[in-house]
Number of protein chains: 2
Amino acid sequence: MNTIYYPAENEWNSLLKRSALKTDAIQETVSSILKQIKDEGDKAVLKFEELFDKVQLSTLQVSSSEFEEAEKEVDEELKAAILLAHRNITTFHAAQKFETKKITTQPGVTCWQKAVGIEKVGLYIPGGTAPLFSTVLMLATPAQIAGCKEIILCTPPNREGKVHPAILYAAQVSGVSRIYKIGGVQAIGAMAYGTESVPKVYKIFGPGNQYVTVAKQQVSLHDVAIDMPAGPSEVAVLADGTANPVFVASDLLSQAEHGTDSQAILITTSEELLKQVEAEVVRQLEELPRKEIAQKALESSKLILVKDMQEAIRMTNEYAPEHLIIETENYMEVAGQIVNAGSVFLGSYSPESAGDYASGTNHTLPTNGYAKAYSGVSLDSFIRKITFQEITREGIRQIGPAIQTLAANEHLDAHKNAITVRLL
Amino acid sequence: MNTIYYPAENEWNSLLKRSALKTDAIQETVSSILKQIKDEGDKAVLKFEELFDKVQLSTLQVSSSEFEEAEKEVDEELKAAILLAHRNITTFHAAQKFETKKITTQPGVTCWQKAVGIEKVGLYIPGGTAPLFSTVLMLATPAQIAGCKEIILCTPPNREGKVHPAILYAAQVSGVSRIYKIGGVQAIGAMAYGTESVPKVYKIFGPGNQYVTVAKQQVSLHDVAIDMPAGPSEVAVLADGTANPVFVASDLLSQAEHGTDSQAILITTSEELLKQVEAEVVRQLEELPRKEIAQKALESSKLILVKDMQEAIRMTNEYAPEHLIIETENYMEVAGQIVNAGSVFLGSYSPESAGDYASGTNHTLPTNGYAKAYSGVSLDSFIRKITFQEITREGIRQIGPAIQTLAANEHLDAHKNAITVRLL
């Protein structure tokens, strides 16, 4: 890890810079695959599954007997943990339901918003060594609460053509309608355009490698909405001398083990804490199975000493971390001054792991400084708010003349006329 | 206008299809201009202002004396109308403020969301024959309510280097911090990257021609968030035999006058109404100053007769119009079944013009069927919801074991360890 003492404010920008995702080289590969999926549907999907996932599939959709089998295969301890996480995620997201309020802006002019679930959503869950059933819970649970009518999920099968049982179990618990054994760019294409087997959806959610990221970007330009732009995961820990260095080190390491491009940053007012954390990271790292990944990530990670808490807060807001852990004496006061972050964890007993899995908050969050403009996934991500207005004859008499003036000054006479005919 | 009687359901798709925006030819032009703005800042901005807006500017920012002059130039009637619109827009959007609720998902596990305004936003207001001061109100008013700290606005100057006084007046009324005389792609680039004069913003809002649309798309891939994808404006009127054909015709025409690519559609259960509207459109069209534009738009517009109200509602939801006017006997009942639309206008006295200008709802709405996945601009567009969690020692004992199980099953041992060290 790199230690930096008292960086000058004009150095912050370069100090906090993320490595840019280079995607120019793969744009064409991705668009060629997408085009084939659009033109040839299932036939192209099956071809790319054979090419990339090394599996010949006869049907793409997971069958009900595969769901039943999965339910038997997942052990009881994991099932109970999944159910607990699902319950807390449900509690937190159900509390986000939007309640319509009718607003009378002038007598006879009533306006309101109504929240409606996006009718068809598609979730992408990547394959790889670990089955990301937690992401299934984080995306499908709010989709179901929002009232999305079709919640489909694509995930690559293994070489035996199977999906990990914990993914199937989590999907069933959280209300996924159908699962398709499709990975990568072909999954994004199938959900964006629809195929014989896969319905076209209106919005696509979920993480993925750089190919999936680019595919989501490309389809989002014309065909479908996406959750948010993607980037490597990251954490900032904001701590003073009262923080527990063992806890802080464990939090930095849980970020570092995600991938070699993960970022973990400590911003602290205490030199002593900084030194203790540095030593503790080295100690804990030794015991990790994913030591090599974490070690590589730590090479670009930083321990930064700043002169006081105000500077620490300013730097944190400038960085706009995906995850922010605040381990300081008056953490509530500090939290009140945070304006740019995805999800914030307060005090000594709120590790990022809690929000990653089971406290109830969502773990799909804006990375790469996008927290300055984007929120993480929440119930809002699965709904639209439609506005309504009901104007009475009296109401249009009240606001009609002003509308006529405004329309005339924008040279839109038909707009003015739509009022005039109603005032006769 | 084209009249279509009882189209079969499998024909709806092609019947309701929008014309696709062709942007391939201008992608390179746009990216070349953006690159020059990024590399050369103000120098390039000034160059493109001379090239495209035919004006040599010495400074880009509108001065306070220009604001003072504008205030004198706008006549009192228009000022009063702008103030009325601003008041109603404020009332409706202020009522959308998000209130934090703390949720205890398990004993000792407390989670909440906090809404924070996006610190820096940029608004784009196109030039052209009409000064779009209404769009200034629609974008700046919620930005100010959201607590955005910097609200900047770019708009092209005329050949004398001036901005229309009504735009300056509306901007001042609604809390814009600074205005820059910059149009087109160079405006989008200046706000996305920042220049010596123009601060970099985090999110860009506002309409524009196809160059502006493509520029917003390009910068949204890496540098900045945008309000929503753009497309030509459109209205659907859903009406039965009780509707007033004069009103319906006036609404279709106010859409048609926007531009030759605007869409206006009538979906009705009454053949008599359809015929009356058809005749009335011809009659009203004759009196419009923008007759030629409207006539061209009407060539691709449609009057559709369907067999009953249920079919009318299904077709409307399939179309997902930006604006929907419901003029039927039981319009509240019909409104309850609308799931895809941007903004809905109910009854005989709620013309689209009301929402375009002054009733209080926003007029920046999803076109092109995007209403299936996107909401219109609202207070939400200018904030982020940051999640927070505070877990006590007791709380982590409650949920810690489940998190350990979940993390271990995803092979993320450092995540598990962040719990283990806190349970010791």
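Throughout this description, residue numbers start from 1 for each chain and increase along the sequence as written. Each chain gets a letter, beginning with A, and each ligand a number, beginning with 1, in the order they are written. It should be noted that, the model being predicted, local features are given only for residues of pLDDT at least 70 and side-chain atom pairs only at 80 or more, the latter also being counted only at that level, while totals for whole chains, interfaces and linings use all residues. Remark: hydrogens and water are excluded; side-chain values derive from all non-hydrogen atoms of the structure.

The name given to chain A in an unreviewed UniProt entry is Histidinol dehydrogenase, and the organism recorded there is Phocaeicola acetigenes. In its Function (unreviewed entry) section, the UniProt record describing chain A reads: "Catalyzes the sequential NAD-dependent oxidations of L-histidinol to L-histidinaldehyde and then to L-histidine." UniProt positions are given in the numbering used here, feature names are shortened, and annotations may be inferred rather than shown by experiment.

Draft legend 1. Structural detail: the relation of the copies chain A and chain B. The two copies are related by a screw motion: chain A maps onto chain B through a turn of 180 degrees and a shift of 0.0 Å along the axis, at an RMSD of 0.0 Å. Between the two chains, the operation in question is that of a two-fold axis. The copies are overlaid by a least-squares fit using only the C-alpha atoms of residues whose pLDDT is at least 70 in both copies.

Draft legend 2. Structural context of the UniProt feature "active site" (unreviewed entry) in chain A. Residue and element names in this part refer to chain A. As recorded in UniProt, the sites labelled "active site" (unreviewed entry) are Glu322 and His323. Per the convention used, a helix needs a DSSP run of H or I reaching at least four residues, while a strand needs a run of E reaching at least two, with both numbered from the N terminus. Inspection of the secondary structure puts glutamate 322 in the loop between helix 13 (309-319) and strand 12 (323-327). Excluding residues within four positions of it along the chain, glutamate 322 makes contact with Ser233, Glu234, Gly342, Ser343, His363, Leu365, Pro366 and Thr367. Topologically, histidine 323 is positioned in strand 12. Buried, partly exposed and exposed residues are distinguished by accessible area as a fraction of the type maximum, computed with a 1.4 Å probe on protein chains only: under 20%, between the cut-offs, and over 50%, respectively. Taking the relative accessible area as the measure of exposure, histidine 323 reaches 2% and is therefore buried. Only heavy atoms matter for contacts: two residues are in contact if any of them lie within 4.5 Å across the pair. With sequence-adjacent residues up to four places away left out, histidine 323 is seen in contact with Ser233, Glu234, Val235, Ala236, Gln255, Ser343, Phe345, Glu352, Asp356 and Leu365.

Draft legend 3. Looking closely at the pattern of salt bridges. The working definition used for a salt bridge is a side-chain nitrogen of Lys or Arg within 4 Å of a carboxyl oxygen of Asp or Glu. Under the criterion given, the structure shown has 38 salt bridges over all chains. The residue arginine 178 of chain A makes a salt bridge to glutamate 150 of chain A at a minimum N-O spacing of 2.1 Å. In this pair, arginine 178 of chain A sits in strand 6 (residues 178-181) while glutamate 150 of chain A sits in strand 5 (residues 150-155), placing the two residues 28 residues apart along the sequence. Aspartate 227 of chain B is the partner of lysine 216 of chain B in a salt bridge, and the nearest nitrogen-oxygen pair spans 2.7 Å. Of this pair, lysine 216 of chain B sits in helix 9 (residues 210-220) while aspartate 227 of chain B is found in the loop between strand 8 (225-226) and strand 9 (234-239), placing the two residues 11 residues apart along the sequence.

Draft legend 4. Molecular detail of the pairing of strand 12 (residues 323-327) of chain B. Residue and element names in this part refer to chain B. Of all five residues that make up strand 12, five are buried, and the element is covered over most of its length. Burial of strand 12 is two-sided: the residues His323, Ile325 and Glu327 facing one way and the residues Leu324 and Ile326 facing the other way are all buried. Only strands that DSSP links by at least two bridges are regarded as paired with each other. As paired strands, strand 12 and strand 13 (residues 343-346) are joined by four bridges and run parallel to one another. Within strand 13, the residue paired with histidine 323 across the bridge is serine 343.

Draft legend 5. How the structure looks around the sheet that holds strand 1 (residues 2-5) of chain A. Taken in spatial order, the nine strands line up as 1(A)-11(A)-10(A)-9(A)-12(A)-13(A)-14(B)-3(B)-2(B) in an open sheet, and their pairing is mixed. One side of each edge strand has no neighbouring strand; the edge strands of this open sheet are strand 1 of chain A together with strand 2 (103-106) of chain B. Geometrically, the sheet is characterised by an average inter-axis angle of 20 degrees between neighbouring strands, direction not taken into account. Bridging between strand 2 of chain B and strand 3 (residues 109-117) of chain B involves three bridges; their strand directions are antiparallel. The residue bridging glutamine 106 of chain B from the neighbouring strand is valine 109 of chain B, located in strand 3 of chain B. Of the strands in this sheet, strand 2, strand 3 and strand 14 (383-391) of chain B are in contact with helix 16 (residues 393-409) of chain B, which crosses strand 14 of chain B at around 95 degrees. Between N-to-C directions, angles span 0 to 180 degrees; the directions come from axes that are lines fitted to C-alpha atoms, helices contributing only their stretch in contact.

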